[in-house]
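Each chain is listed here by its residues.
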Amino acid sequence: MAVAERDGIRTRARILEVAQELFTERGYAGTSIADIARELGTSKAALYYHFSSKEQLLGALLAEPLSGYADLADRCRAEHLGPADVLGALIDLTAETHTVFALLSNDPSITPLLQRLHDVEGSIQTFVELLAGPNPAEAMRAKAWAAFAVAKQGTFWAVQAGDGTLSAVARKALLAAAVRCLKS
């Protein structure tokens, strides 16, 4: 790999890091390209060389974690994983991607862009369908939604409240609580 290419990759990664920090701190709508450029100590033109818009920057930040959820949903379906395995995988992926989802959970201005850029609802529906089982009654669908919420939101908040990681004890407790939602 050429030096210029490595520098470009590092610069792009730094832009994403600063953008994520500012989006999390000020919100997507409250952060401008000028704010990001100023924080980086560069010009808007230099930033536009790497990302043509603020929306493209957000898309790049969200691409990997959101495709991770879509890929996980597809894998769970293809491998016919049971509810406990689905919930455990969901907990693990949420713990790995919590920093990006801190941005999402705190900023309603991102929702319309998110819906345009990724099929988040499709992935969520797949998880709920897997947890509810075939031809579920309304009560079982509600339990599946509850289990999904415990796994996803519980993990997110456990990681945020801790040191940025999910301990084995917390993972075990979250998984048990999510599974209980399906059985109650």
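Please refer to the structure placed before this passage.
Note that the structure is predicted; figures quoted are calculated from it, not measured. (Residues numbered from 1 in each chain as written. Predicted model: local features only at pLDDT ≥ 70, side-chain atom pairs only at ≥ 80, totals over all residues. Heavy atoms only, no water.)

**A word on the side chain of Lys54**
- With respect to the helices and strands, Lys54 occurs in helix α4 (residues 54-78).
- When near neighbours in sequence (up to four residues on either side) are disregarded, Lys54 contacts Phe23, Tyr28, Ala29, Thr31 and Ile33. (Helix = DSSP H or I, 4+ residues; strand = E, 2+ residues; numbered from the N terminus. Contact = heavy atoms within 4.5 Å.)

**Considerations on the packing of helix α5 (residues 83-96) against helix α10 (residues 168-183)**
- Put simply, α5 and α10 touch, their axes get as near as 10 Å, and they point 135 degrees apart. Looking at the two axes, α5 sits oblique to α10. Along this stretch, α5 crosses α10, giving a crossing that reads as right-handed. Judged by residue contacts, Pro83, Ala84, Leu87, Gly88, Ile91 and Asp92 of α5 engage Arg171, Leu174, Leu175, Ala178, Val179 and Leu182 from α10. (Axes fitted to C-alpha atoms, helices over the stretch in contact; angles between N-to-C directions. Parallel < 35°, antiparallel > 145°, perpendicular 65-115°, else oblique. Left-handed = near helix turned anticlockwise from the far one by under 90°.)

**Re the pattern of salt bridges**
- Under the counting rule described, the total for this entry stands at seven salt bridges.
- A salt bridge links Asp35 to Arg26, with the nearest nitrogen and oxygen atoms 3.5 Å apart.
- For Glu79, the salt bridge goes to Arg75, with nearest N and O atoms at 3.4 Å. (Salt bridge = Lys/Arg side-chain N within 4 Å of Asp/Glu carboxyl O.)

**Looking at the environment of Phe51**
- Looking at the secondary structure, you find Phe51 in the loop between α3 (44-50) and α4.
- Note: C-alpha distance between Phe51 and Thr165 (114 residues apart in sequence) is 30 Å.
- When near neighbours in sequence (up to four residues on either side) are disregarded, Phe51 contacts Arg12, Ile15, Leu16, Gln56, Leu57 and Ala60.

**So, the packing of α5 against helix α9 (residues 138-161)**
- One can describe the packing of α5 onto α9 by two numbers: an axis separation of 9 Å at closest approach and a directional angle of 30 degrees. Relative to α9, α5 is oriented roughly parallel. In this structure, α5 meets α9 at a crossing whose hand is right-handed. Contact residues: α5 offers Leu87, Leu90, Ile91, Thr94 and Ala95, while α9 offers Ala147, Phe148, Ala151, Lys152, Thr155, Phe156 and Val159.
- Here the residues of the contact of α5 with α9 sort into nine nonpolar, two polar and one charged. (Nonpolar A, V, L, I, M, F, W, Y, C, P; charged D, E, K, R; others polar.)

**As for the state of the cysteines**
- Applying the stated criterion across every chain yields a total of zero disulfides.
- Of all cysteine sulfurs in the structure, the one in Cys181 sits closest to Cys76, which takes part in no disulfide; the separation is 17 Å.
- Look at Cys76 and you get buried, because its relative accessible area is 0%.
- Residue Cys181 is classed as buried on the basis of its relative accessible area, which comes to 18%. (Disulfide = S-S within 2.5 Å. Buried < 20%, exposed > 50% of the residue type's maximum accessible area, 1.4 Å probe, protein only.)

**With respect to unusual backbone geometry**
- At His80, a residue that is not glycine, the phi angle is positive and equals roughly 55 degrees.
- Structurally, His80 can be placed in the loop between α4 and α5.
- When its relative accessible area of 70% is taken as the criterion, His80 is described as exposed.
- Here the phi dihedral of Asn135 falls at roughly 45 degrees; this positive angle occurs in a residue that is not glycine.
- By the element assignment, Asn135 lies in the loop between α8 (120-132) and α9.
- For Asn135, a relative accessible area of 79% corresponds to the exposed category.

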